[in-house]
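# Architecture at a glance
Residue-level listing of the chains:
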Amino acid sequence: MGSNQATSILLELRGSQLKVPNMRHLYKGWVSGVSPHYTTIVLFTDEIYEKLLPKKDELDKAKACDFGYTSAGYFFCWDDAIDREEVTLETGDQYRAEALEYIRYHLGSSNRQSPEPQALTAQLMLFADIGKFIREECDPEMAKSFFAELQYIIDCCGKEQKNQLSGQLPTKEEYWDMRYGTSGVYAYCVIAPYMIDVKVPYELFHSPEMRAVWVEMNINIIIFNDIISLKKEVADDAIVSLIPVTMAGDGVGLSEATKIVYEELVANSKAFDQAVAVLREKAKQYNETAQSNIDKLIECYEAFLTGVMNWSYTNARYKVSQDIQKDGSLLVSL
């Protein structure tokens, strides 16, 4: 698929109306809420943005996104260090390799007796504090797992940049291959037990049953985020997201592609519940404390997912709050 197809789909989308049924009702039985520390977190993230983003328009944009709601601000700033510049894939690969070594060093995954790798951006330098906190507060296995998931994010960012530079729309398989990582969900899943102060037996936490919950959580977040963000993507002339990819891959228009993607969301919201049930059954092999902690962790994952959805509906990044209808559906002018 060449750039002509991407241009054709962009022209088809621009000026069209995106109609999406109520997505929130799919998660109405899930834990939902806002951290009591939200105001403090916003002040903290805004202070970080003021250090990282010297240009006023970039600073205003970051603050308006309200990433304090989802704790996604660091990855936004780190990845945007490339997005804001015209860089080659070779330059991007070098940046990602240097970032990985810097992260490895500060998470204690490499020899800390060796000199500290150079941080070429302020965004990357910020990870020194994050790494120090993880090293001191989390057990070594959690730090190791966290590093592995950050490495996965960085690898997938490389795939994403390669696709962007090609000017082509990816196939569905190619899209999911990079999107699973660029969402950053798995890194959150790894450190969630620390954030809610629970202990989960190593074998259970690293079991296929746990990973299945993470995968379904990731898919749900990716799908509803891609739906809600389409207005922004069209405005930015950047349509590498699920609905346009479905239009291209299945040879259908906006209405049919939206229907297909929404039905995938319905199926995966149910698949998450099924994966959770299997994980709870697996947890019965462990003591009551482990079972209770699994319940708390599942509630944490549900709250994260519903939190990302609520953020997506209401924040200034996607600008769809005014497009929500009385029945909870979306009617968005692209």
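It should be emphasised that the depicted structure is a prediction, and the values quoted were computed from it without experimental measurement.

## With respect to the pattern of salt bridges
Overall, the coordinates contain 13 salt bridges when judged by the stated rule. For K159, the salt bridge goes to D177, with nearest N and O atoms at 2.9 Å. Here K159 is found in helix 8 (residues 140-166), whereas its partner D177 is found in helix 9 (residues 172-182), with 18 residues between them in sequence. Take K159: its relative accessible area is 35%, and that puts it in the partly exposed class. Exposure remark for D177: the relative accessible area of 39% places this residue in the partly exposed category. Residues D323 and K231 are paired through a salt bridge, measuring 3.2 Å at the closest nitrogen-oxygen approach. Placement of D323 in the loop between helix 16 (288-314) and strand 2 (330-333) and of K231 in helix 13 (residues 230-235) is noted, with a sequence separation of 92 residues between them.

## Considering helix 14 (residues 242-250)
Structurally, the α-helix is built with 3.6 residues per turn, so residues lying three or four positions apart point the same way. Of all nine residues in helix 14, seven are buried; the element is thus mostly enclosed. For helix 14, the full list of buried residues reads L242, I243, P244, V245, T246, M247 and A248. In the stretch just after helix 14, G251 is the one whose phi turns positive, near 65 degrees.

## Regarding the pairing of strand 1 (residues 17-20)
Burial along strand 1 is one-sided: the residues L18 and V20 are buried and none of Q17 and K19 is. Relative to strand 2, strand 1 runs antiparallel, the two sharing four bridges. Residue pairing across strands places V20 opposite L330, the latter belonging to strand 2.

## Structural notes on the packing of helix 10 (residues 185-195) against helix 16
Where helix 10 contacts helix 16, the two axes come as close as 10 Å, and the packing angle between them is 135 degrees. In this view, helix 10 runs oblique relative to helix 16, as classed from their interaxial angle. Every pair of crossing elements has a handedness; the one defined by helix 10 and helix 16 is right-handed. The segment helix 10 lies against helix 16, with Y188, C189, A192 and P193 engaging L297, C300, Y301 and F304. For the contact of helix 10 with helix 16, the residue count by class is eight nonpolar, no polar and no charged.

## Examining the layout of surface pockets
Volume-wise, the second largest pocket comes out at about 330 Å³. Along the walls of the second largest pocket sit 17 residues, with D139, M142, P193, K199 and V200 positioned nearest its centre. If you list the elements that add at least two residues to the lining of the second largest pocket, you get helix 8, helix 10 and helix 11 (202-205). In the lining of the second largest pocket, the residues fall into 10 nonpolar, two polar and five charged.

## Some words on the confidence of the model for the protein chain
As a note on interpretation, predicted positions should not be read in detail where pLDDT is low. A residue-level look at the protein chain finds 83% of positions with pLDDT of 70 or above and a mean pLDDT of 87. Ranking the elements of the protein chain by mean pLDDT puts helix 4 (residues 73-83) last, at 53, and helix 15 (residues 254-283) first, at 98.

What counts as what
- Residues numbered from 1 in each chain as written.
- Predicted model: local features only at pLDDT ≥ 70, side-chain atom pairs only at ≥ 80, totals over all residues.
- Heavy atoms only, no water.
- Salt bridge = Lys/Arg side-chain N within 4 Å of Asp/Glu carboxyl O.
- Helix = DSSP H or I, 4+ residues; strand = E, 2+ residues; numbered from the N terminus.
- Buried < 20%, exposed > 50% of the residue type's maximum accessible area, 1.4 Å probe, protein only.
- Pairing = 2+ DSSP bridges.
- Axes fitted to C-alpha atoms, helices over the stretch in contact; angles between N-to-C directions.
- Parallel < 35°, antiparallel > 145°, perpendicular 65-115°, else oblique.
- Left-handed = near helix turned anticlockwise from the far one by under 90°.
- Contact = heavy atoms within 4.5 Å.
- Nonpolar A, V, L, I, M, F, W, Y, C, P; charged D, E, K, R; others polar.
- 1 Å grid on protein atoms, 1.4 Å probe; cavity = no way out; pocket = protein on both sides within 12 Å on 5 of 7 lines; lining within 4 Å.
- Points joined across faces, edges and corners; volume = space filled by probe spheres on them.
- pLDDT = per-residue confidence, 0-100.

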